[in-house]
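# Examination of the molecular architecture
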Amino acid sequence: MAIKTEPFVINIGPQHPSTHGVFRMRTTLDGEVVVDMEPVFGYLHRGIEKLAEGRTYTQNIPFTDRLDYLASMSNNLAYVLAVEKLAGVPVPQRAEYLRVIMAELQRIASHLIGVGAFLNDCGAFMTPILYMIREREKILDLFEMVCGQRLTYNYMRVGGVSQDIPEEFLPALAKFVKVMPGFIDEYDQLLAENEIVLARAKGVGILPKELAINISASGPVLRASGVQWDIRKADPYSVYDRFEFDIPTGSVGDCYDRYRVRIQEMRQSVRIIKQAMEQLPSGEVLTEVPLRLRPPEGEAYGHIEAPKGELGFYLVSDNSETPYRFHIRASCLINLTALCDMMIGWKVADAIITFGSIDICMGEVDR
Amino acid sequence: MTLFDNYWIHFAIFVIIILTFVMGMVMGFIYIERRGLGRFQIRLGPNRVGPFGVLQPVADAIKVLIKEDIIPAKGDKWVFWLAPVVAFVPVLMIFAVVPFQSGALLADLNIGILYVVAVSSLAAVGVFMAGWSSNNKYSLIGAMRDVAQLLSYEIPLVLSIVGVVLIAGSLSMTKIVEAQSIPFILLQPLGFLIFFVGALAEINRTPFDLVEADSEIVAGFHIEYSGMKFAMFYLVEYCEALAMSAIITTLFLGGWKGPLLPPFLWFLIKVVGVFFLFFWIRSTIPRLRIDQVMAFAWKCLLPLALLNLLITAIQVLVLGEALPWVIVPVNLAIMAVLVVLWSKFFKLGGGRVAV
Amino acid sequence: MTVALSGKEIAAKLQQRFPGTIVESSESSLVVKSESLLDIASFLKTSPDLDFDYLTAITAVDYYAYFEVVYQLTSLKHNHSLVVKTHCYGRDTPVLPSVVSLWRGADFQEREIYDLMGIRFDGHPNMKRIFLWAGFKGHPLRKDFSNGD
């Protein structure tokens, strides 16, 4: 006699310890297998694009901090690059190198949380993420030295950075760069070859290469699927063409590959920081730009390789103090396009891990 | 007949001893676990309440007791109310046969270990009652997972106990301890491993804590519980850990035996040592998925338990019940070979289901 | 370095294959008619020396007389990029063909444009609001949106 079963709909989120913010997934489950999934966005929608149309270009920089709030330096950088493209503002060399150092430090900090949260979802009960937070505290101390803030920095300006680094920054940075590779090796040893992590994450949540390109994925998600595309190499901005670094790629595009790609990217970031520290010139750090900047009429699209993907700003100017259109190309939102495909057929536990491995931040998804 | 030979006085004294012991040890375990986990996670752990944070469990208990008692409107009220009781009472009943010292136990049943196995399975009923009556899909998933897991791991658990019983020649807990001139962990290493893993699954601890996986189904079957009822589930978890530690000590580590110190102290030391292993594993290892848990129980532990039983039976048949020292390295070698062999051929399975 | 292809050259190429579809072109971008958007996009994606397999971004801008929808295209293989725009007239029910069949990355971005600007996309599998709730009246990013206070 066959037992009658029926699928039931369950809400994962918006308040949930594992949805990395306020995100709701309406999943239809048949037993433990996910049969259908509908993502619901908008819980953190603040209307940044509309708000920015009423403020000057410099006043919009703090808004960009709050997009992906775990990688504020990168958001700032993308925005000021777009404005500088629009207005044709030159940037002094010292500021360029400082920007690169901050952006790469931010990439390490963001990946530490990304990997830690992924392992937390796997069930390792806070131990890996607390180890990684210990390193992140060192990075946040460095940032506090520079701009006084620990999370939303507001450090970059149109035409450079807001202030020069204090004297104690470079020795502290040198100390950090010396010990960090050892810690990355420690994370590798702790859990990378663990049976249970391999069983949970290998072969789970696969994003095939063609699908990844078709959904405009970017960042570690795209690279783990086997596509060698990194904006720092393909379309170098700032002074990235002067550094030597590799682009780690995966092969299969499963959760394990995304996790490995992030760990290796941290190593490459340390390499870039070392080179930037050696080549750091002296000089001023900010070009004089009017406080109420009036760029000429036109449009510009400036993009960078943020830790979570390609973050772009599309700005349209009508020669007034405020932007006519301020659009954010949010990598996290676009990376989620194939979430349903990656989850269907897997179990609830895999669905949570897959979502964690994409590493999104709801501030950028909802804006 | 002195006053103390009276059955009911003996019963009353030991009920008081057991209740104090269980409550005291559970408070101590909560404290040890939180400080220990903190040190594993390179942080301090609670150290504010009382000297070295020793009064932290007391603070937790007071906090939990003064919370509002919420009952889901559409839930099944009587089942909801009964579930913590049904989950808690069997666990307390296990302590009736745990020997603290030679002759010092509530009831020296001659079917001691069988009683323990039978009573500990009842906790599953309480868990499922909690999951069903909460009228919440998350708790239902958690309850289903829990029942499946508990039932699957009972079998390897019981089979590994039978190995011990064969060597000891009796089901009574005191006789099992007295038969351990060589601690059974050395004579039955494979049995110890299987029992340890099975015990982890029975008490819902990492890596088998998917029942209450915080990051997936947000507390599983006790998601709707608050106040005193939640305190009872919390207690159930630690009492089960204490009970399993006590049983492992009795069955495999030699109970109260040991030189120099008074026997009761040896018992405590061994129990705390086993518990240390429990939370060491909790802080280090991620959790498994439900189908992997089931596959592990049925495809890996069950055949190993059967093989262990077979080998033990052969050894007892050939050598008689007092097994000599030479068997220890033989058994260790057999365990190593079997574990390596199984890990080569065992696939954890899972994968995508066509939808 | 990603080469930004000249709008004028691509316009000349397209004029041969799809005559009468180019509205205007400049160095940085080209504007096409909305009816021929899908044909041109499909040609841009499949033609081997253009090969625009990666849709970087879609945006909509509200110039009062018309809506301008901007497509930023990139080719991963050849490492060049192009900006294609189209104009959409009418403020009550502006409609455009959807490019989801070509690039699935347009899925959420087109929903966002519908939600915040009000432009519907024909052929989109799930044309619903994405950030605001279903009963919300109005489209906030329009220049004439007022909050009612």
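Residues numbered from 1 in each chain as written. Chains lettered and ligands numbered in written order. Predicted model: local features only at pLDDT ≥ 70, side-chain atom pairs only at ≥ 80, totals over all residues.

## Thoughts on the overall build of chain B
Using the following cut-off: Every helix listed is a DSSP run of H or I at least four residues long, and every strand listed is a run of E at least two residues long, numbered separately from the N terminus. Our radius of gyration looks at C-alpha atoms and nothing else; its globule reference is 2.2 Å times the residue count to the power 0.38. Working definition of burial: number of other C-beta atoms within 10 Å of the residue's own, with buried at 20 or more, exposed at 12 or fewer, and partly exposed in between, all C-beta atoms being placed from the backbone.
Helix and strand counts for chain B come out as 13 helices and zero strands. Mapped from its N terminus to its C terminus, chain B presents α and β elements in the order α-α-α-α-α-α-α-α-α-α-α-α-α. Relative to the 2.2 N^0.38 estimate, which gives 20 Å for 355 residues, the radius of gyration of chain B is 21 Å and therefore close to what a compact globule would have. Taking the principal axes of its C-alpha atoms as reference, chain B extends roughly 70 × 65 × 40 Å. When each of the 355 residues of chain B is scored for burial, the buried share is 44%.

## A few points about the overall build of chain C
Stated formally: Think of it this way: build a C-beta for each residue from its backbone, and any pair within 7 Å is a contact.
A tally of helices and strands in chain C yields three helices and eight strands. Counting helices and strands in the order they occur from the N terminus, chain C gives β-α-β-β-α-β-β-β-β-α-β. Rg of the C-alpha trace for chain C: 16 Å, near the compact-globule value of 15 Å for 149 residues, within the 12% margin. With respect to the three principal axes, the spread of C-alpha positions in chain C is 50 × 30 × 30 Å. Within chain C, the proportion of its 149 residues that are buried is 43%. Residue pairs in contact within chain C that sit at least 24 positions apart in sequence constitute 42% of those at least 6 positions apart.

## Examining the arrangement of the chains
When the two pairs of chains in contact are compared, the highest contact count belongs to chains A and B. No interface is formed between chain B and chain C, the nearest pair of C-alpha atoms being 20 Å apart.

## Concerning the pairing of strand 6 (residues 298–306) of chain A
Residues and elements named next belong to chain A. Quick reminder of the rule: Paired strands, in this sense, are two strands between which DSSP finds at least two bridges.
Of all nine residues that make up strand 6, seven are buried, and the element is covered over most of its length. The pairing of strand 6 with strand 7 (residues 309–317) spans nine bridges and is classified as antiparallel. Bridging across to strand 7, His303 finds its partner in Gly312. Hairpin connection of strand 6 to strand 7: two residues between the antiparallel strands.

## Details of the sheet that holds strand 2 (residues 24–30) of chain A
All names here are of chain A. Stated formally: All axes here are fitted lines through C-alpha atoms, helices being fitted over the stretch that makes contact, and every angle between N-to-C directions spans 0 to 180 degrees.
Taking strand neighbours across the sheet as the criterion, the three strands line up as 1-2-3 in an open arrangement whose pairing is antiparallel. If you trace the sheet from one side to the other, it starts and ends with strand 1 (8–12) and strand 3 (33–40), each paired once. Taking the axes of each pair of neighbouring strands and ignoring which way they run, one obtains an average angle of 25° across the sheet. Relative to strand 3, strand 2 is paired through seven bridges, and the arrangement is antiparallel.

## Concerning the interface of chain A and chain B
Interface extent is often summarised as the accessible area lost during association of the parts. To keep it simple, the criterion reads: Only Asp, Glu, Lys and Arg are considered charged, only Ala, Val, Leu, Ile, Met, Phe, Trp, Tyr, Cys and Pro nonpolar, and every remaining residue, Gly among them, polar.
Taken residue by residue, the interface counts 32 residues in chain A and 29 residues in chain B. Secondary structure elements with two or more residues in the side of chain A that touches chain B: strand 1, strand 3, helix 4 (93–122), helix 5 (127–147), helix 7 (195–201) and helix 14 (348–358) of chain A. A class-by-class count of the residues in the side of chain A that touches chain B yields 20 nonpolar, six polar and six charged.

## What to know about the pairing of strand 2 (residues 22–25) of chain C
Residue and element names in this part refer to chain C. Where strand 2 and strand 3 (residues 30–32) come together, three bridges link them in antiparallel fashion. Looking at strand 3, one finds that Ser25 is bridged to Leu30. Hairpin connection, strand 2 to strand 3: the antiparallel pair is bridged by four residues.

## Details of the environment of Leu130 of chain A
All names here are of chain A. Inspection of the secondary structure puts Leu130 in helix 5. The class for Leu130 is partly exposed, based on 17 C-beta atoms found within 10 Å. Considered as a pair, Leu130 and Gly116 are 14 residues apart in the sequence and their alpha carbons are 7.7 Å apart.

## Regarding the sheet that holds strand 6 of chain A
Residue and element names in this part refer to chain A. Reading across from one edge, 6-7-8 is the order of the three strands in this open sheet, with antiparallel pairing throughout. The outermost strands of the open sheet, each flanked by one partner alone, are strand 6 and strand 8 (325–329). Across the sheet, the axes of successive neighbouring strands diverge by a mean angle of 15°, strand direction being ignored. Sitting on the sheet, helix 3 (residues 72–87) is in contact with strand 6 and strand 7, with an inclination near 150° to strand 6.

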